[in-house]
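# A structural walkthrough
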Amino acid sequence: MAVNGTHWTPSTWRSKPAKQEVIYDDEASLKKTITKLNILPPLVTPYEIQKLKNELRECALGNAFLLQGGDCAELFDYCNQDMIEAKVKLLLQMSLVLIYGARKKVVRVARMAGQYAKPRSSPMETLNGVEMASFRGDILNSYEPDVEARKPDPARLLDAYYHSASTLNYLRGALSSGLADMHAPLDWSLGHVVDSSVRDKYQQIVSRIMDTLEMMRTIGLDTGSGLETVDLFTSHEGLLLEYEQALTRRLRQPQNTPAASQPQAQVTSMRQSSQPGRKVNGTSHSSAYVRKSSVSATNPLMSHYNTSAHFIWIGDRTRQLTHAHVEYFRGIANPIGVKVGPTMPPSDIVPLLDILNPNHEIGKIVLITRYGHDKIKDHLPAHIQAVQNSSHNGTVVWQCDPMHGNGRNANVTVPGTEGTSTIKTRRFSDILSELQQALLIHQEHDSYLGGTHLELTGEAVTECVGGAEGLTEEDLSLNYTTFCDPRLNEKQALELAFLVAGFYRE
Ligand code: PEP
Ligand code: MN
């Protein structure tokens, strides 16, 4: 298959250099596992993928907002009813708050059912005086601090598939059975809120949301309106290309979802739907779009889909233009994300978009910016301008990840001992600050912040400090359970949604 004029297959990435490379000792077992993965059924379908793509187009156009969240590292053990339900309910509640605040449709994407591979800054670590490979996620090796257990094990690729399948199976069943029924009672409390004026403000918003739902029920607008069930898409970092390739399938493009890949229709609807939203640079953008999109019109029916998730993204450590990850991603029809950190030169953004989205499909690419609260103002404006001055203007979804640039270390006392240890944390105020700055910077640059990307969990963990409950560094050891980065707990995540909703309402 030719993509962007050059040969591409699901395996052309193998001829390119790769960061975060994985070397398996046992070649025979790897081969056997891949053979099995190749015949297992897709986890998601082109129809669903296209549906998400259409919704992301609305995010790019300023008509919808993308809420993406979940664990940093999803463990196989998180594949259980309680944890799945807690995360889904949290994402649902947050989305209701955001709909209320922004008065826009919210597209929900979970970092879930496959977020099993982790990039690491250092391939080795020393634990209890023994040097061993770092934990790279359940799909690769075990968290157990043991030299043997830390070796990459090909059997884990299959375990990842089955855990994804189980998680997805329960997600689908639970959603269609009313887990997301907005009439069901939800826990809206923010716990022990330190500041009473903050609590009163939240209470007002919750009451308004409840009143709206109640009114819809009274006048009969709730039945059949989608309030009983909601769409939830899945996503993960597409890091382990062995796995991603094994689940890449050449499949028929769905015919019965709005055809986002049809150039003329796309340009027309962009113009129409941009009316109530924001300005789009119609002239220069659409002419470039029509010209370039004739490439894909030669094979309109079949595409390569990554069927391991609806949406996958390239991490900040693996987005080099000439390397393996960009090569793999450029050939798949899914919507895809790219993490954009402070080390991304503005001059790389347009070449990257040219490679990943040669047909200028609107909403195909989500740029997930993650600079840090103290760096965002130095980088985001130039990144926005680079896109605005190119033929990709108006095609990308800008999403703020206020988590990954705001990591810091905290010294905590180890319970039962006199000693202290260093753990990773994030300040709620830094996370909020990056998100608020992103909203403002986009506004000032006549751009649209189309979403946010968060690390969160439905459990009452104590991993990030701050928030309405006023968690301190001393509290961190109470329930610090992450195996990778610190996550917002359910109260902090909900509070963040309330504060972002407030931005739109003020
Ligand atoms: C992540 O999302 O967990 C992650 C590793 O992010 P980044 O690639 O932005 O560092
Ligand atoms: Mn992370």
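Looking at an unreviewed UniProt entry, one finds the protein named Phospho-2-dehydro-3-deoxyheptonate aldolase and attributed to Knufia fluminis. Here is the UniProt Pathway (unreviewed entry) comment for the protein, exactly as written: "Metabolic intermediate biosynthesis; chorismate biosynthesis; chorismate from D-erythrose 4-phosphate and phosphoenolpyruvate: step 1/7."

Counting 107 residues, the largest nonpolar core has Leu66, Met94, Leu98, Ala493 and Ala497 as the members making the most contacts within it. Tallying contributions element by element places helix α3 (residues 81-102) first for this core, with nine residues. If near-sequence neighbours (up to four positions away) are discounted, Ala493 is found in contact with Leu90, Met94, Leu454, Leu456 and Leu488.

Turning our attention to the site of ligand 1. Neighbouring ligand 1 are Cys72, Pro119, Glu237, Gly315, Asp316, Arg317, Lys339, Arg370, His404 and Asp485. Split into classes, the residues belonging to the shell around ligand 1 amount to two nonpolar, two polar and six charged.

Moving on, we come to the UniProt feature "binding site: phosphoenolpyruvate" (unreviewed entry) in the protein. UniProt records the feature "binding site: phosphoenolpyruvate" (unreviewed entry) at Arg111, Lys339 and Arg370, using the numbering of this structure. Looking at the element boundaries, Lys339 is found in strand β11 (residues 336-340). Filtering out sequence-adjacent residues up to four positions away, Lys339 remains in contact with Trp313, Ile314, Gly315, Asp316, Arg319, Ile368, Arg370 and Asp401. Mapped onto the secondary structure, Arg370 falls in the loop between β12 (365-369) and α11 (376-388). In this structure Arg370 comes out as buried when scored by C-beta crowding, with 21 C-beta atoms within 10 Å. Other than its neighbours up to four places away in sequence, Arg370 contacts Asp316, Lys339, Gly341, Asp401, Met403, His404 and Gly405.

Let's shift gears to the sheet that holds strand β15 (residues 420-427). With respect to topology, three strands assemble into an open sheet ordered β14-β15-β17, the strand pairing being mixed. The open sheet has two edge strands with one neighbour each: β14 (407-413) and β17 (464-465). Of the strand pairs in this sheet, β15 and β17 are connected by two bridges, and their pairing is parallel. Paired with Arg426 across the bridge in β17 is Cys464. Here helix α12 (residues 428-444) sits on the sheet and contacts β15 and β17; the angle it forms with β15, its principal contact strand, is near 30°.

Before going further, it helps to examine unusual backbone geometry. The backbone of Asn128 sits at a positive phi, close to 50°, despite the residue not being glycine. Within the fold, Asn128 resides in the loop between β5 (124-127) and β6 (130-133). Positive phi values are uncommon outside glycine, yet His360 reaches one of about 55°.

Before going further, it helps to spend a moment on the UniProt feature "binding site: Mn(2+)" (unreviewed entry) in the protein. Here the UniProt feature "binding site: Mn(2+)" (unreviewed entry) sits at Cys72, His404, Glu455 and Asp485. Judged by maximum C-alpha separation, these annotated positions cover 414 residues in sequence but sit close together in space, the widest gap being only 9.9 Å. Topologically, His404 is positioned in the loop between β13 (397-400) and β14. When you line up the elements, Asp485 lands in the loop between β17 and α13 (490-505). Judged by the 18 C-beta atoms lying within 10 Å of it, Asp485 falls in the partly exposed class.

Further remarks concern α13. Residues lying three or four places apart along an α-helix face the same way, a consequence of the helix completing one turn every 3.6 residues. The end-to-end C-alpha separation of α13 is 23 Å, in line with the 22 Å expected for 16 residues at 1.5 Å each. All of the buried residues along α13 are Glu490, Lys491, Gln492, Ala493, Leu494, Glu495, Leu496, Ala497, Phe498, Val500 and Ala501. Residues of α13 that are buried make contact with α3, α5 (196-218), α12, β16 (449-455) and β17.

So, on to the sheet that holds strand β4 (residues 105-111). Spatial strand order, β3-β4-β7-β10-β11-β12-β13-β16: eight strands in a closed barrel with parallel pairing. Neighbour-to-neighbour, the strand axes of this sheet turn through a mean angle of 30°, independent of strand direction.

Turning to the environment of Leu61, a few remarks are in order. Among the secondary structure elements, Leu61 is positioned in helix α2 (residues 46-61). C-beta crowding within 10 Å serves as the criterion here: with 26 such atoms nearby, Leu61 is assigned to the buried category. Sequence-wise, Leu61 and Gly450 are 389 residues apart; in three dimensions their C-alpha atoms are separated by 8.4 Å.

Consecutive side chains along a regular strand alternate between the two faces of the sheet. Summarising burial for strand β3 (residues 64-70): seven of the seven residues are buried, a large majority. Here β3 shows no split at all, with Ala64, Leu66, Gln68 and Gly70 on one side and Phe65, Leu67 and Gly69 on the other all buried. Here β3 runs beside β4; their pairing, made up of seven bridges, is parallel. Directly across from Gln68, in β4, lies its bridge partner Val109. Once the chain exits β3 it traverses α3 before rejoining the sheet at β4, and the crossover so formed is right-handed. Relative to β16, β3 runs parallel, the two sharing five bridges. Bridging across to β16, Gln68 finds its partner in His453.

Take the packing of helix α1 (residues 27-39) against helix α4 (residues 155-176) next. Put simply, α1 and α4 touch, their axes get as near as 8 Å, and they point 25° apart. One way to sum up the angle between α1 and α4 is to call them roughly parallel. When α1 is examined against α4, the residues Ser29, Thr33, Lys36 and Leu37 are found in contact with a partner set consisting of Ala155, Leu157, Leu158 and Tyr161. Among the residues forming the contact of α1 with α4, the class breakdown is five nonpolar, two polar and one charged.

Rules used throughout
- Residues numbered from 1 in each chain as written.
- Chains lettered and ligands numbered in written order.
- Predicted model: local features only at pLDDT ≥ 70, side-chain atom pairs only at ≥ 80, totals over all residues.
- UniProt positions renumbered as here; feature names shortened; annotations may be inferred.
- Core = buried A, V, L, I, M, F, W, Y, C linked by C-beta atoms within 7 Å.
- Buried ≥ 20, exposed ≤ 12 C-beta atoms within 10 Å, placed from the backbone.
- Helix = DSSP H or I, 4+ residues; strand = E, 2+ residues; numbered from the N terminus.
- Contact = placed C-beta atoms within 7 Å.
- Near = placed C-beta within 6 Å.
- Nonpolar A, V, L, I, M, F, W, Y, C, P; charged D, E, K, R; others polar.
- Pairing = 2+ DSSP bridges.
- Axes fitted to C-alpha atoms, helices over the stretch in contact; angles between N-to-C directions.
- Expected span 1.5 Å × (residues − 1).
- Right-handed = clockwise from strand over helix to strand, strands pointing away.
- Parallel < 35°, antiparallel > 145°, perpendicular 65-115°, else oblique.

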